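Single-letter residue listing:
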Amino acid sequence: MIDRIYRSTVLGVAGRKPIEQLVRTRAWGVAQRFVAGEESSTAIAAVQELAQDGILGNLDLLGEFVSSPETANTFAEQVLALQTQAAAAGIRPYVSVKLSSVGQGQTVEGADLGLTNARRIVGQAKRLGGFVCLDMEDHPRVDQTLEQFRVLVNEFGHDTVGTVLQSYLYRSEADRASLDDLQPNLRIVKGAYLEPASVAMPDKADVDASYRRLVYAHLKAGNYTNVASHDESIIQDVKHFVLAHGIPKTQFEFQMLYGIRRDLQRELAQQGYTVRAYIPYGRDWYAYFSRRIAERPANVMFVLRGMLKG
Ligand SMILES: Cc1cc2nc3c(=O)[nH]c(=O)nc-3n(C[C@H](O)[C@H](O)[C@H](O)COP(=O)(O)OP(=O)(O)OC[C@H]3O[C@@H](n4cnc5c(N)ncnc54)[C@H](O)[C@@H]3O)c2cc1C
């Protein structure tokens, strides 16, 4: 409950325009702890650097809730260019995409633009041997995202496209079971948005318990599972679970965010687990950065100190 109050306060303050302007101009230095620059070249360099520690990358061009078809198409073009650049640099083009940033919810020529653009991006991933994960956004988008995910898996296969379930949503366990026929590649996260108690569990202990249930059920069903968390006790429990159930290391990976628990990322990679860092970049970093700050009280002090230093 306290976590929720803290998160809602930080996101509420961060949503005010004057605060956004102040943070955008004064906190870019601090934001770079979580964001790998503004250009695709710096993000690709970050993947190459992480590779030296045996850590894989998941590139994410930042942007969300795009309101015009032109902007959505431009965004999709940038993601397509990113995939090509990554492949040219010798990196498997593994990217994450928020469907709202490529036009989800906007109808163009009778079709949902988000799905049209996602088809182009997932189609290119298939040609390049890459992968696309459809990020999960706030709860009003879950139904459409899961429907579009189903369409894309049917067209391109579960080795090319995956999506995300958030353990704070009451519905996620039922959603997971309903996707089983696709043998889907799923990333399990706790959830980063400010959601009402009518749809999301307000208590952290419940979110954590739901997280474990989702991961265990997905692994037991034989599906590829991305355990996306920095929570050490969850990571330990997953390690024990896979040992106890004879689940091979090739059926799951640990995922963490760029700039968070790099020590743990390295340690897991050294232990022979697949580890992938989610590497966000781009000019539209503010909303992503606000969510990272809202996850941890110590981060507010980190930002304020950084801003005072200039
Ligand atoms: C690879 C990846 C992809 C994600 N994709 C999505 C998505 O598509 N949709 C979505 O809603 N959410 C997404 N998230 C965010 C996720 O929902 C959580 O908000 C976030 O991961 C924090 O939860 P946690 O599991 O690390 O556990 P927590 O219990 O929040 O944190 C556990 C520990 O991790 C460390 N930690 C966590 N967050 C921070 C931080 N911001 N700064 C510093 N330390 C921190 C702290 O040591 C903390 O004690 C993603 C997370 C990851 C790792």
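Every value quoted in this text rests on a predicted model; they were computed, and no experiment measured them. Along each chain, residue indices are assigned from 1 in the same order as the chain's sequence is written. For this predicted model, a pLDDT threshold of at least 70 governs which residues receive local features, and a threshold of 80 or more governs which side-chain atom pairs are given and counted, while totals over whole chains, interfaces and linings are taken from all residues. In computing side-chain properties, one takes all heavy atoms of the structure into account and sets aside hydrogens as well as water.

Q: Please set out the side chain of Asp231 residue by residue, giving values where relevant.
A: Put simply, DSSP marks the helices as runs of H or I at least four residues long and the strands as runs of E at least two long, and each gets a number from the N terminus on. On the secondary structure map, Asp231 appears in the loop between β8 (225-228) and α10 (232-244). Owing to a relative accessible area of 17%, Asp231 belongs among the buried residues under this scheme. Here a polar contact means two N or O atoms within 3.5 Å. Within protein one must be a hydrogen donor candidate and the other an acceptor candidate, and residues neighboring in sequence count only if both atoms are side-chain atoms. Of the polar contacts made by the side chain of Asp231, one reaches the side chain of Lys190; its length is 2.8 Å. When residues no more than four places from it in sequence are discounted, the contact partners of Asp231 are Lys190, Lys204 and Asp208. Type-normalised accessible area, obtained with a 1.4 Å probe on protein chains alone, sets the label of each residue: buried when under 20%, exposed when over 50%, and partly exposed for intermediate values. Residues are treated as being in contact if the distance between any of their heavy atoms lies within 4.5 Å.

Q: Explain the layout of surface pockets residue by residue, including any values.
A: Within this model, the largest pocket holds a volume of roughly 1200 Å³. Looking at the largest pocket, it is lined by 45 residues, and the ones nearest its centre are Arg7, Lys190, Gly191, Ala192 and Glu295. Listing elements by their share of the lining of the largest pocket, those giving two or more residues are α1 (2-14), β6 (161-166), β7 (186-189), α9 (204-220), β9 (252-257), α12 (286-294) and α13 (297-309). With five residues, α1 is the single largest residue contributor to the lining of the largest pocket. The way it works is a 1 Å grid over only the protein atoms, where trapped points that fit a 1.4 Å probe form a cavity and open points with protein on both sides within 12 Å along at least five of seven lines form a pocket, and then any residue with an atom within 4 Å of a point lines it. Grid points are joined across faces, edges and corners, and a volume is the space filled by probe spheres set on the points.

Q: Just give me the short version of the pattern of salt bridges, but keep the residues and values in it.
A: Definition used for salt bridges: Asp or Glu carboxyl oxygen within 4 Å of a side-chain nitrogen of Lys or Arg. This model, assessed by the stated rule, comprises 25 salt bridges. Residue Lys190 pairs with Asp208 through a salt bridge whose shortest N-O separation is 3.0 Å. Note that Lys190 is positioned in the loop between β7 and α9 and Asp208 in helix α9, a separation of 18 residues in sequence. Overall, the relative accessible area of 19% leaves Lys190 in the buried class. Residue classification places Asp208 among the buried residues on the basis of a relative accessible area of 13%. Asp263 is the partner of Arg261 in a salt bridge, and the nearest nitrogen-oxygen pair spans 3.1 Å. Given the relative accessible area of 28%, Arg261 is considered partly exposed. One salt-bridge network, held together by shared partners, links Lys17, Glu20, Arg24 and Asp284.

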